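Breakdown of the fold
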Amino acid sequence: MITETKRLYLREITQADYAVIAKILQDDDAMFAYNGAFSDEEVAQWFDNLMTQYQTRGFSLWAVVLKETDQVVGQCGLTLQQVQGETVTEIGYLFNRDYWHQGYAIEAAQACKTYAFDILGIERVFSIIRDNNLASMNVAIRNGMTVRTKFIKTYKGIEMPHFTFAVDKS
Ligand SMILES: CC(C)(COP(=O)(O)OP(=O)(O)OC[C@H]1O[C@@H](n2cnc3c(N)ncnc32)[C@H](O)[C@@H]1OP(=O)(O)O)[C@@H](O)C(=O)NCCC(=O)NCCS
């Protein structure tokens, strides 16, 4: 286990989670900020990348599991991202639509913030959010973040305005 909250625990994603993670990545509604559902090949790449990040850095997105049922409800964790030439640590989150609006994302994101500050010794964490993703912005705000910059990210050949949100260890 990586960390826990009142209702959740976070652990590394394994091949056994492939179907539940694919369900999130292949849901058009959940993936609107990524320009739509992933193909089977993109899901496989996502998994390969997770496994590589666990091995090389010791962190990445983790499985978010409900303590009560042992059900995987989403992914949340820490990744390194490039923003305007700078490498930053991002708290990322993608949840199964069946489990939205219950506060799980904010609970997991807060635990990742604490993990980044207290275990990894990181001084500032970010969430990088497409300008149309209001639910994600609310998670960032509830996680104590404020908006810092706006920039254009080119993803799948499309220019997408993004905001960076961040919070400092204080
Ligand atoms: C971003 C995402 C994780 C946010 O999910 P979410 O369900 O809105 O966020 P939470 O789980 O924190 O739930 C917050 C909501 O639960 C409500 N809530 C209910 N019980 C709660 C509790 N015990 N504690 C906190 N909030 C609670 C809050 O009031 C809030 O309501 P709202 O949706 O009306 O604002 C989700 O929309 C998602 O997976 N999107 C697709 C992937 C994505 O875009 N990821 C971000 C990329 S930058």
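Being a predicted model, the structure only gives us computed values, none of them experimental. (Residues numbered from 1 in each chain as written. Predicted model: local features only at pLDDT ≥ 70, side-chain atom pairs only at ≥ 80, totals over all residues. Heavy atoms only, no water.)

Time to look at the UniProt feature "domain: N-acetyltransferase" (unreviewed entry) in the chain. As recorded in UniProt, the sites labelled "domain: N-acetyltransferase" (unreviewed entry) are residues 8-170. Structurally, residues 8-170 comprises 31% helix and 37% strand, and the distance from its first C-alpha atom to its last is 25 Å. (UniProt positions renumbered as here; feature names shortened; annotations may be inferred. Helix = DSSP H or I, 4+ residues; strand = E, 2+ residues; numbered from the N terminus.)

Our focus in this paragraph is unusual backbone geometry. With phi around 45°, Gln84 is a residue other than glycine that occupies positive phi space. Structurally, the position occupied by Gln84 is in the loop between β4 (72-83) and β5 (86-95). In this structure, Lys156 takes a positive phi of about 55° despite not being glycine. Looking at where Lys156 falls in the secondary structure, it is placed in the loop between β7 (146-155) and β8 (158-168).

What follows covers the packing of aromatic side chains. Counted under the stated rule, the structure contains five aromatic pairs. Residues Tyr34 and Tyr155 carry aromatic rings whose centres are separated by 6.3 Å and whose planes lie at 75° to one another, so their mutual orientation is edge-to-face. Highlighted residues: Tyr34 in the loop between α1 (18-25) and α2 (40-56) and Tyr155 in strand β7, separated in sequence by 121 residues. (Phe/Tyr/Trp six-rings, centres within 6.5 Å; stacked < 30°, edge-to-face > 60°.)

Of all hydrophobic cores here, the largest spans 48 residues; its most connected members are Cys76, Ile91, Tyr93 and Phe95. Ranked by the residues each element gives to this core, the list is headed by helix α3 (residues 104-119), at nine residues. In this structure Tyr93 touches Gln75, Cys76, Ala109, Ser127, Ile129, Ser136, Val139 and Ala140, once residues within four positions along its chain are discounted. Within the second largest apolar cluster, six residues are counted, among which are Val83, Phe126, Ile128 and Phe151. (Core = buried A, V, L, I, M, F, W, Y, C linked by side-chain atoms within 4.5 Å. Buried < 20%, exposed > 50% of the residue type's maximum accessible area, 1.4 Å probe, protein only. Contact = heavy atoms within 4.5 Å.)

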